[in-house]
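Coordinate inspection notes
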Amino acid sequence: MDWLLVLATILLSLTGIYMIYSAIHSNPVFLKNSLHLRQALWSSIGLCVLLSILFFDYHFFTRWAYFFYALVIVLLIAVLFSGQVVGGSKRWLVFGPLRLQPSELARLAVILVLARYFGSRVEEEPMGFKELIPALLMALAPVLLIIRQPDLGTGLTVFLIAGVMALAVGIKKRVIITIGTAAVACAPLGWLFLKEYQRRRILTLFNPDADPLGAGYQSMQSIIAVGSGEIWGKGLLQGTQSRLHFLPEKHTDFIFSVLSEELGFIGSITVLALFFIFILRCLITALNAADKEGALLAIGVTTAFFLYVIFNIGMTLGLMPIVGIPLPLVSYGGSASISSFIAIGLVLNVGVRRRSLSSMFS
Amino acid sequence: MKDLQLNSNRATSDAFKRRVVILGIFFGLILLGLFIRLWNLQVIQGEKFRTLSEDNRIAYRLVQSPRGMVFDSKGELLADNRASFNIYLIREDVKELQETIRLLAEITEQPFEELYKRTRGANPFRPFLIKADISRKTMAFLEEHKPDYPGVFVQVTPLRQYPSRQEASHLLGYMGEISNRQLQRLKKRNYRQGDMLGQYGVERTQEKFLRGQSGFKQVEVDAYGRELRVVRPFVEKPGNNVYLTIDMELQKKAEELFEAHEGSIVILDPSDGAILAMVSKPSFNPNIFASGIDAKSWKGLMKDPLKPLENRAIRGQYPPGSIFKIVMGFAVLNEKIARSNEKIHCHGSFPFGKRIFQDWKKGGHGPIDFIQSIAQSCDVYYYTNGHKLGIKRIAHYSRMFGLGSPTGFGAAEKGGVVPSDAWKRRRFKERWYEGETISVSIGQGFNLITPMQAANLIATVANGGHLWKPYAVKKVLSPRGKTLFESRPRLIRKIPISQKIFRKVREALKEVVHGEKGTAKKARMPDILVAGKTGTAQTVDLKYTGRKKKPEDLPRKFRDHSWFVAFAPYENPTIAIAILGENAGRPGSFFAPYARELISFYLKKNEQRILASNETPEDKRLSANSRAPGNRR
């Protein structure tokens with residue numbers, strides 16, 4: 001078992017629970033609902049799920065991948081019809097006391113289904129269009145459904161995960177060039193499909209001072225919060241930017257700003273380092289995987305974590321447009337936490353099966 | 001485990017591994033980019049951002065636009081706003097909480113313990129109201145010592161004020177802090193904890209028009225919470241102005257006359273039911289509610305046995321006494337129980353079964369016709385004819401004139417009681433006795449009416465049978481003068497009785513004032529004919545108090561209620577009035593001179609206005625509007 005990976009996971013979760021408390025301690029409603037304790041509960045449940053995943057071979061999960069994928073598609077369609085509207089978009093399905101965010105499951109589904117699809121390939125040579133198209137369709141279906149919610153950020157990450165997995169398997173150079181050219185050509189077209197606020201968010205990225213009270217406001221406030229942490233930070237619960245309600249969504253999307261303000265450069269690079277270790281261990285698992293299916297599973301999960309980390313941290317540092325993407329393991333959120341733990345469980349699983357096999361053969 | 005055997009075909013190739021390594025390097029490089037950005041923001045530029053975050057912060061301050069004003073029908077200002085200074089505290093900015101609170105408690109004269117507890121319970125990052133409407137002295141002190149007490153600041157907000165102090169307070173109503181229940185209901189309409197809203201009277205019923213928009217302005221504040229500049233202002237949107245039907249001069253006159261009494265005066269315009277004045281005594285000063293009433297004053301008002309907060313005009317229910325004979329008169333003539341010139345001999349009593357019903361006049365009135373039965377308020381005439389009518393028809397005519405149900409003026413209005421067999425079975429689970437009909441005939445049984453109903457009754461008689469719904473809000477104008485609401489007179493019903501009978505009843509009512517033997521000769525005016533009716537309603541059976549006893553000797557609650565209703569001028573009525581002296585212990589005629597004064601005051605004023613009507617009505621409206629600048633505080 002990859003204890004370093006497990007350690008990084010646990011440390012990140014604990015950081016998250018504490019930072020959530022710090023972010024909400026000034027909000028009496030959130031505090032009354034003890035969001036930090038809820039997060040602790042979610043993390044514990046997640047840990048249990050992670051452990052139970054280890055009991056099954058990961059092939060068990062890839063075998064059921066198509067079924068799981070179909071289920072997620074159904075949930076994504078359901079959320080469009082009867083989802084709970086939060087902040088203008090439908091992201092949640094409500095089952096009595098439980099709320100589920102199907103888009104969090106969708107990235108798992110896409111990773112599993114593509115690991116299965118690419119993993120069953122016997123040929124060694126890079127893929128052409130013919131093999132790519134089914135994969136593309138499988139990735140696009142949930143992506144489009146997620147973008148419809150609308151949740152552009154998550155949709156985009158799921159698509160990128162699929163892309164990285166395909167690249168890892170290998171694509172013919174000719175095909176890469178064709179797709180790349182097409183993408184560049186289509187980019188202006190995509191601009192037309194964006195909503196007004198989404199465009200403004202992207203534009204402020206290049207000039208955040210242009211509209212300090214409008215679209216650039218959150219970004220600017222977040223940068224001030226991070227920067228004002230200096231080297232050692234203002235101390236736990238001492239952040240001023242975050243507690244003055246300058247930052248929205250501080251316990252979810254802007255948790256890293258709170259952390260950087262209160263724990264300073266030392267704190268933020270520690271978290272960054274933990275993520276680096278995390279990603280490194282996942283990739284090493286991919287390298288040592290027993291078969292392609294396992295390797296692809298690990299690559300998919302790694303990519304997902306990596307993208308979430310750079311999108312989220314990039315957003316709080318004013319490097320990325322503001323999209324609603326949480327910091328994995330650290331941000332508040334039940335669906336996100338549990339799906340993260342499942343993903344980690346799958347990677348550990350891939351690692352464990354390799355070792356048990358190699359020990360068998362040695 | 002068998003199917004997990006290493007299959008060389010399925011194992012990862014070197015090319016694949018190479019791509020994974022490239023991917024790892026790529027990921028690492030991007031993470032390095034984040035690291036560099038963090039280094040730049042936190043280490044290189046850290047100091048700059050630290051200053052930005054500590055010294056100049058953006059804060060939100062709640063701004064309340066001024067509430068709309070209230071005017072009378074002539075444009076006299078009844079309610080506006082003044083500037084009040086409120087002390088707020090942001091706990092998180094306070095350095096020495098205990099000491100600061102101790103000082104604030106001292107200068108605002110509040111108990112320290114309580115204030116400290118309340119402050120501890122508040123959101124530490126939001127301005128918390130320590131005290132509204134502080135004195136200029138306190139304010140000067142705070143301004144001077146501001147640097148010593150970070151986190152404390154003073155903000156100006158508009159506060160309701162009523163220039164007339166006590167007058168028309170029941171109609172105008174008062175303000176109060178929003179209750180939790182109201183907050184639940186009104187959250188969507190931009191109401192917040194601590195907001196003041198109309199809780200009574202016009203302030204309450206016209207809340208949706210009067211309320212000024214509230215919102216936040218963004219200000220840059222320094223470390224002490226001091227405002228440095230406004231980053232994004234909030235554009236004030238004052239509430240709309242409400243114009244009432246009342247004539248404040250007449251109202252003041254009525255309040256003045258009634259100062260020493262308890263009870264109510266209601267004055268209506270008989271041509272459409274507009275309320276010209278509405279007095280309820282004792283009254284209260286709505287100004288003490290404006291910044292939130294303190295517990296002691298509130299308790300005082302609630303515990304006062306005379307219930308000053310109760311609007312007696314619409315919520316006081318009293319036996320009508322002899323003014324009920326007006327309704328009886330219509331019933332008798334319309335049902336042809338007696339012709340108007342038919343005489344009944346009054347011996348001073350009416351024996352029925354084992355009981356003998358006494359007339360108020362010992363020895364009786366002698367032979368008496370319809371006109372004189374009203375003029376002299378003969379009881380025996382109505383005992384006799386009331387018995388013939390029966391309770392069913394009496395109830396029918398009572399309801400016809402709007403008794404027994406609210407007039408529709410306001411939500412909290414009481415309806416009074418029109419007794420009947422069905423009512424008694426419902427109320428007491430007991431059948432109706434005919435003897436009770438006889439008491440009812442002179443307004444002395446179970447009947448109860450409100451002063452508003454009495455005024456509406458006499459107005460309906462005056463205008464020949466149009467029962468209007470009384471109303472007090474004439475129109476609502478936006479701050480810019482656009483009409484948002486204009487009330488139209490609403491006819492409840494046209495009384496299905498011939499004008500001949502109306503003329504007869506009015507003639508009888510004129511005789512009450514102007515006749516030889518009329519009971520209200522004191523209401524006579526030299527140049528104008530007045531019609532009216534007195535009423536003295538016993539609160540308890542005579543056998544308990546004895547006829548001879550002086551009212552002063554009786555406990556207050558046993559003293560008679562005194563009624564006087566009137567309209568004028570007789571030929572072409574422009575004013576209808578109802579006066580009720582609650583437990584006044586006087587005959588109704590006692591208040592006849594009051595009615596005379598009010599009628600003469602009002603008619604004279606109108607006359608002058610007509611004389612001075614070179615001014616067209618259009619001009620008048622304009623001049624009324626010009627008194628209503630949108631933003632007066």
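Residues numbered from 1 in each chain as written. Chains lettered and ligands numbered in written order. Predicted model: local features only at pLDDT ≥ 70, side-chain atom pairs only at ≥ 80, totals over all residues. Heavy atoms only, no water.

Moving on, we get to the overall build of chain B. Helices and strands together make up the secondary structure of chain B, namely 22 helices and 23 strands. Here the C-alpha atoms of chain B give a radius of gyration of 35 Å, more than 25% beyond the 26 Å that 2.2 N^0.38 yields for 633 residues. Principal axes of the C-alpha set define a box for chain B whose edges measure 130 × 75 × 55 Å. Among the 633 residues that make up chain B, the fraction classed as buried is 54%. Put simply, 71% of the contacts in chain B that link residues at least 6 apart link residues at least 24 apart. With the model as given, the accessible surface of chain B reaches about 30300 Å², and the carbon-plus-sulfur share is 51%. (Helix = DSSP H or I, 4+ residues; strand = E, 2+ residues; numbered from the N terminus. Rg over C-alpha atoms; globule rule 2.2 N^0.38 Å. Buried < 20%, exposed > 50% of the residue type's maximum accessible area, 1.4 Å probe, protein only. Contact = heavy atoms within 4.5 Å. Areas by Shrake-Rupley, 256 points an atom, 1.4 Å probe, with all protein chains shown as cover.)

On to the overall build of chain A, then. Of regular secondary structure, chain A possesses 14 helices and three strands. In summary, chain A has a C-alpha radius of gyration of 21 Å against a globular reference of 21 Å for 362 residues, a match within 12%. With the C-alpha coordinates aligned to their principal axes, the bounding extent of chain A is approximately 60 × 50 × 45 Å. Restricting the contact set of chain A to residue pairs at least 6 apart, pairs at least 24 apart contribute 74%. One finds the centroid of the 26 positive side-chain charges in chain A at a distance of 5 Å from the centroid of its 18 negative side-chain charges. (Lys, Arg positive; Asp, Glu negative; His and termini not counted. Charge placed at Lys NZ, Arg CZ, Asp CG, Glu CD.)

A separate point is the interface of chain B and chain A. Where interface size is quoted, it is often the accessible area lost as the parts come together. Opposite the 46 residues of chain B that make contact, chain A presents 64 residues. With both chains or domains summed, chain B and chain A bury close to 4900 Å², and 71% of this area falls on carbon and sulfur atoms. Applying the counting criterion to the chain B and chain A interface returns one salt bridge. Measuring nitrogen to oxygen at the nearest pair gives 3.3 Å for the salt bridge that ties B:Arg50 to A:Glu230. Our count for the contact surface shared by chain B and chain A stands at ten residue pairs in polar contact (both at pLDDT 80 or more). At the level of elements, helix H1 (14–44), helix H2 (46–54), strand S1 (57–64) and strand S9 (227–232) of chain B are the ones that each hand at least two residues to the side of chain B that touches chain A. Looking at the side of chain B that touches chain A residue by residue, the class counts come to 24 nonpolar, ten polar and twelve charged. (Buried area = accessible area lost by both parts, 1.4 Å probe. Salt bridge = Lys/Arg side-chain N within 4 Å of Asp/Glu carboxyl O. Polar contact = N/O pair within 3.5 Å; in protein donor to acceptor, adjacent residues only side chain to side chain. Nonpolar A, V, L, I, M, F, W, Y, C, P; charged D, E, K, R; others polar.)

Next up on the list: the sheet that holds strand S21 (residues 531–537) of chain B. Residues and elements named next belong to chain B. In space, the five strands of this open sheet follow the order S12-S11-S23-S22-S21, with antiparallel pairing throughout. Strand pairing shows two members of the sheet lacking a second neighbour, strand S12 (274–281) and S21, which therefore form its edges. On average, each strand axis in the sheet is inclined to that of its neighbour by 5°, with strand direction left out of account. Relative to S12, strand S11 (residues 263–269) runs antiparallel, the two sharing seven bridges. By the bridge assignment for S12, Ile267 is matched with Ala277. Packing against the sheet, helix H10 (residues 248–257) makes contact with S11 and S12, and its axis sits at approximately 25° to S12. (Pairing = 2+ DSSP bridges. Axes fitted to C-alpha atoms, helices over the stretch in contact; angles between N-to-C directions.)

Attention shifts here to a nonpolar patch on the surface. On the surface, B:Val21, B:Ile25, B:Leu29, B:Leu32, B:Phe35, B:Ile36, B:Trp39 and B:Ile44 cluster together to form a nonpolar patch covering roughly 770 Å² of accessible area. Within the element layout of this structure, B:Ile25 appears in helix H1. (Patch = residues over 30% accessible without salt bridge, like charges linked within 9 Å, V, L, I, M, F, W, Y side chains within 5 Å.)

All names here are of chain B. Those residues of helix H3 (residues 97–107) that fall on the buried side of the exposure criterion are Leu97, Thr100, Ile101, Leu103, Leu104 and Ala105. Buried residues along H3 sit against strand S3 (77–89), helix H4 (112–121), strand S4 (128–131), helix H5 (136–145) and strand S5 (152–161). Remark: Glu109 follows H3 within two positions and exhibits a positive phi of approximately 55°.

Moving on, we come to the pairing of S3(B). Residues and elements named next belong to chain B. Most of S3 is tucked away: eleven of the 13 residues are buried. Relative to S3, strand S2 (residues 70–71) runs antiparallel, the two sharing two bridges. Within S3, the residue paired with Val70 across the bridge is Ala79. Linking S2 to S3, which pair antiparallel, is a turn of five residues; within it Gly75 sits at a positive phi near 90°.

Note that the residue after A:Gln149, namely A:Pro150, is joined by a cis bond; omega there is 0°. Look at the link from B:Lys281 to B:Pro282: it is a cis peptide, with omega at -5°. Here B:Pro282 is to be found in the loop between S12 and helix H11 (295–303). Despite not being glycine, A:Leu329 shows a phi value in the positive range, around 70°. Taking the relative accessible area as the measure of exposure, A:Leu329 reaches 5% and is therefore buried. Not every positive phi belongs to a glycine, and B:Ser377 is a case in point at roughly 55°. Note that B:Ser377 resides in the loop between helix H14 (370–375) and helix H15 (379–400).

Residues and elements named next belong to chain B. Closest axis-to-axis distance for the H15/helix H17 (residues 434–441) pair is 8 Å, and the angle between their directions is 110°. Overall, the two elements H15 and H17 adopt an arrangement that is roughly perpendicular. In this structure, H15 contributes Tyr382, Tyr383, Gly386, His387, Gly390, Ile391 and Ile394 to the contact, and H17 contributes Glu434, Thr437, Ile438, Val440 and Ser441. (Parallel < 35°, antiparallel > 145°, perpendicular 65-115°, else oblique.)

Okay, the domain arrangement of chain B next. Per the domain assignment, the segments making up chain B are domain 1 (58–244) and domain 2 (311–462 + 498–611). The distance between the C-alpha centroids of domain 1 of chain B and domain 2 of chain B comes to 50 Å. (Domains from an automatic or database assignment.)

Time to look at H15(B). Residue and element names in this part refer to chain B. The terminal C-alpha atoms of H15 lie 22 Å apart, and with 22 residues this falls more than 12% below the ideal 32 Å at 1.5 Å per residue. Maximal helix bending in H15 amounts to about 95°, located at Gly390. Most of H15 is tucked away, with 16 of its 22 residues classed as buried. Gly402 sits one or two residues past H15 and shows a positive phi near 90°. (Expected span 1.5 Å × (residues − 1). Bend = angle between axes of the 7 residues up to and from the residue.)

Residues and elements named next belong to chain B. Summed over all chains, the structure comprises 26 salt bridges over all chains. Here Glu310 makes a salt bridge to Arg315, at a shortest N to O gap of 3.2 Å. Judged by its relative accessible area of 26%, Arg315 is partly exposed. The network of salt bridges with shared partners includes Arg67, Arg160, Glu203 and Glu207.

The pairing of strands in a sheet happens through backbone hydrogen bonds and is either parallel or antiparallel. Residue and element names in this part refer to chain A. Within the open sheet, the three strands sit side by side as S1-S2-S3. Their pairing is antiparallel. Two strands lie at the open edges of the sheet, namely strand S1 (84–86) and strand S3 (98–100), each paired on one side alone. Neighbour to neighbour, the strand axes of the sheet diverge by 40° on average, direction disregarded. Two elements, strand S2 (residues 89–95) and S3, share three bridges in a ladder whose sense is antiparallel. By the bridge assignment, Leu93 is partnered in S3 with Leu100.

Another point: the packing of aromatic side chains. Going through the model one piece at a time under the given rule, you end up with 36 aromatic pairs over all chains. Between B:Trp423 and B:Phe428, the ring centres sit 5.8 Å apart and the planes meet at 85°, which makes this aromatic pair edge-to-face. When the ring centre of A:Tyr308 is taken as origin, the NZ or CZ atom of A:Arg107, which lies over that ring, is 4.6 Å away. (Phe/Tyr/Trp six-rings, centres within 6.5 Å; stacked < 30°, edge-to-face > 60°. Lys NZ or Arg CZ within 6 Å of the ring centre and 35° of its normal.)

On to the packing of helix H1 (residues 3–24) of chain A against helix H12 (residues 255–287) of chain A. Residue and element names in this part refer to chain A. At a minimum axis distance of 9 Å, the contact between H1 and H12 shows a crossing angle of 160°. Relative to H12, the element H1 lies roughly antiparallel. Judged by the twist between their axes, the crossing of H1 over H12 is left-handed. Each of Leu4, Leu5, Ala8, Thr9, Leu11, Leu12, Thr15, Met19, Ile20, Ser22 and Ala23 in H1 lies in contact with H12, whose residues at this interface are Ile255, Val258, Leu259, Glu262, Leu263, Val271, Leu274, Phe275, Ile277, Phe278, Arg281 and Cys282. Residue composition of the contact of H1 with H12, grouped by class: 18 nonpolar, three polar and two charged. (Left-handed = near helix turned anticlockwise from the far one by under 90°.)

This brings us to the confidence of the model for chain B. All names here are of chain B. Confidence in the prediction for chain B averages 85 pLDDT; 91% of positions are at 70 or higher. Per-element mean pLDDT across chain B ranges from 44 in helix H22 (residues 617–626) up to 96 in helix H18 (residues 451–462). Note on residues 1–9: pLDDT is under 50 here. Beyond four places in sequence and across chains, it has eight contacts. When the criterion is pLDDT under 50, residues 615–633 qualifies, and its contacts beyond four places in sequence or with other chains add up to 37 contacts. (pLDDT = per-residue confidence, 0-100.)

Moving on, we get to the side chain of B:Asn385. Note on placement: B:Asn385 falls in helix H15. With residues near it in sequence (within four places) discarded, B:Asn385 still touches B:Val332, B:Ile337, B:Ala338 and B:Ile344.

Another point: a positive patch on the surface. Residues and elements named next belong to chain B. A contiguous patch of positive charge on the surface is contributed by Arg181, Arg185, Arg189, Arg204 and Lys208. Looking at the secondary structure, you find Lys208 in helix H9 (residues 207–210). The exposure class assigned to Lys208 is exposed, which follows from its relative accessible area of 59%.

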